[in-house]
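Coordinate inspection notes
Spelled out, the chains give:
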Amino acid sequence: MSEGTMQRAVKRDEHDRRDQREQRARGLRRAVVCAAAVPVMLIAAGCSSDSGSGDKAADDSSTKSSASSSASPSPTVQAAAYKSIPDACKVLGKNTLEDLAPKAKSGKKGSSDDASTRASCSWSSLDNNGVKGSQFRWLNVSLLRFESDVTRGSGEKLAQAYYETQVQDAKSVSGAKSLKSEPVAGVGDQATAVRYDLKKKEGSFKQETVVARVENVVVTLDYNGAGLAGEKTPSADTLNKLAQKAVKEVVAAVAEANDGGSAGTPSSAPSKSASKSPSGSASKAASSSPSKSAAKKS
């Protein structure tokens, strides 16, 4: 081999080794750069993961809060079964009125009547027989309807409380003698008859009070009679039977005024819309005593 050929071979070897060194250097630099980039990527991925979980937790919390809020029920109360009452002066048939107050010309409507919640009517009868004496009868029918109210309770519950108050008032009349109280079957949801004797300057009176509740309506019927100017005092049993007969008609009229429901087993279908409770009407009526007023008017 000539000297020139050998020199060219040496130069090629040196060139090849230089290329290999440069390739190794470039590979090392790439490895260092990649190694440095890994923690940054991990940190970025960690931040991204934390941020996502935080947003998800916030969304979950918001969803739960919204669900809890929507799940809270609004105050409700059972709607009143009866939404109206009849005209108190038209609840009794002609024959019934002739039996209880034969000389009454017409009923006197209550001055504080409210067509939707309260009504009353009274009849006064005096059968004057001159020197032979007279027979006096006085009849009063009152109706009070209670509407359901979320703060006070259902109409039926309010009516039951008032019913009990009316019965107690009938038993608490000052000067009452020979007082008797008994339940009346087959009239509305519950009914009680109270009877007693009452001595007044005009004569001896027999008082009959029948209180009945039909769903959210309370009926109070007061009936009394007396024999005046020497006339015979009427029979308490007769007055009691007439009063019970009359109160059954009134209860039936209440049911009839509300889509023809049965008086004995009133319609349980609630009213289509619940109006506001009769504000002061109920409390005002509860403070009065029909039986006491009846005794005063006798």
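Residues numbered from 1 in each chain as written. Predicted model: local features only at pLDDT ≥ 70, side-chain atom pairs only at ≥ 80, totals over all residues. Heavy atoms only, no water.

1. A short note on the overall build of the chain
- Looking only at helices and strands, the chain has six helices and seven strands in total.
- Seen in sequence order, the chain has helices and strands lined up from the N terminus as α-α-β-β-β-α-β-β-β-β-α-α-α.
- Classification of the 298 residues of the chain by burial places 39% in the buried group.
- Residue pairs at least 24 apart in sequence account for 64% of intrachain contacts in the chain once pairs closer than 6 positions are excluded.
- Accessible area of the chain: about 17,200 Å², with a carbon and sulfur share of 52%. (Helix = DSSP H or I, 4+ residues; strand = E, 2+ residues; numbered from the N terminus. Buried < 20%, exposed > 50% of the residue type's maximum accessible area, 1.4 Å probe, protein only. Contact = heavy atoms within 4.5 Å. Areas by Shrake-Rupley, 256 points an atom, 1.4 Å probe, with all protein chains shown as cover.)

2. A look at the confidence of the model for the chain
- The predicted model of the chain has a mean per-residue pLDDT of 77, with 62% of residues at 70 or higher.
- In the model, residues 262–298 has pLDDT below 50 throughout and makes 79 contacts with residues more than four positions away in sequence or in other chains. (pLDDT = per-residue confidence, 0-100.)

3. With respect to the pattern of salt bridges
- Per the counting criterion, the structure on display carries seven salt bridges.
- Each of E156, D189 and R213 takes part in salt bridges that share partners, so that together they form one network. (Salt bridge = Lys/Arg side-chain N within 4 Å of Asp/Glu carboxyl O.)

4. A short note on the packing of aromatic side chains
- This model, assessed by the stated rule, comprises two aromatic pairs.
- Ring centres of F136 and F205 lie 6.2 Å apart, and the angle between their planes is 80 degrees; on these two criteria the pair is classed as edge-to-face. Here F136 is found in strand β3 (residues 134–145), whereas its partner F205 is found in strand β6 (residues 203–214), with 69 residues between them in sequence.
- The class for F205 is buried, based on a relative accessible area of 3%.
- With a centroid separation of 5.5 Å and 55 degrees between ring planes, the pair formed by F146 and Y162 is classed as tilted. With F146 in the loop between β3 and α3 (155–170) and Y162 in helix α3, the pair connects residues that are 16 residues apart, well separated along the chain. The same class applies to F146 and to Y162, which are both buried.
- Just above the ring of F205 sits the side chain of K200; from NZ or CZ to the centre is 5.6 Å. (Phe/Tyr/Trp six-rings, centres within 6.5 Å; stacked < 30°, edge-to-face > 60°. Lys NZ or Arg CZ within 6 Å of the ring centre and 35° of its normal.)

5. Details of the sheet that holds strand β1 (residues 108–109)
- Pairing is antiparallel across the open sheet formed by seven strands, whose spatial order is β1-β2-β3-β7-β6-β5-β4. Both edges of this open sheet fall to β1 and β4 (177–183), since each of them pairs with a single strand only.
- With five bridges connecting them, β4 and strand β5 (residues 190–200) associate as antiparallel partners. Paired with S181 across the bridge in β5 is V194.
- Across the sheet, α3 is in contact with β3, β4, β5, β6 and β7 (217–228); its angle to β6 comes to roughly 165 degrees.
- Along the sheet, helix α4 (residues 236–257) makes contact with β3, β4, β5, β6 and β7, crossing β6 at roughly 30 degrees. (Pairing = 2+ DSSP bridges. Axes fitted to C-alpha atoms, helices over the stretch in contact; angles between N-to-C directions.)

6. A look at the state of the cysteines
- Within the structure shown, the criterion is met by one disulfide.
- The disulfide bridge from C89 ends at C121, spanning 2.1 Å between sulfur atoms. Where C89 bonds to C121 through sulfur, the torsion about that S-S bond is close to 95 degrees, and the disulfide is right-handed. Of this pair, C89 sits in the loop between α1 (3–71) and α2 (94–100) while C121 sits in strand β2 (residues 118–128), and the two are 32 residues apart along the sequence. (Disulfide = S-S within 2.5 Å.)

7. Remarks on the pairing of β7
- By the criterion of burial, β7 is predominantly enclosed, with 12 of the 12 residues buried.
- Because side chains alternate across β7, one face comprises the buried residues V217, V219, L221, Y223, G225 and G227, and the other comprises V218, T220, D222, N224, A226 and L228, equally buried.
- Across 12 bridges, β3 lies against β7 in antiparallel orientation. Residue F136 lies in a different strand from β7, and its bridge partner there is A226.
- When β6 meets β7, the two strands line up antiparallel, connected through 10 bridges. From the neighbouring strand, T209 faces β7, where its bridge partner is D222.

8. Observations concerning unusual backbone geometry
- Even without being glycine, S178 reaches a positive phi, approximately 55 degrees.
- Position of S178 relative to the elements: it lies in strand β4.
- For E215, which is not a glycine, the phi torsion comes out positive at approximately 55 degrees.
- Here E215 shows up in the loop between β6 and β7.

9. Comments concerning the pairing of β5
- Counting buried residues in β5 gives eight out of 11 residues, a clear majority hidden from the surface.
- From the end of β4 to the start of β5, which pair antiparallel, there are six residues, and G186 there has a positive phi angle of about 75 degrees.
- As judged from the 11 bridges shared by β5 and β6, these two strands associate in the antiparallel manner. Within the sheet, the bridge partner assigned to L198 lies in β6 and is F205.
- Counting the residues in the hairpin turn of β5 and β6 gives two residues.

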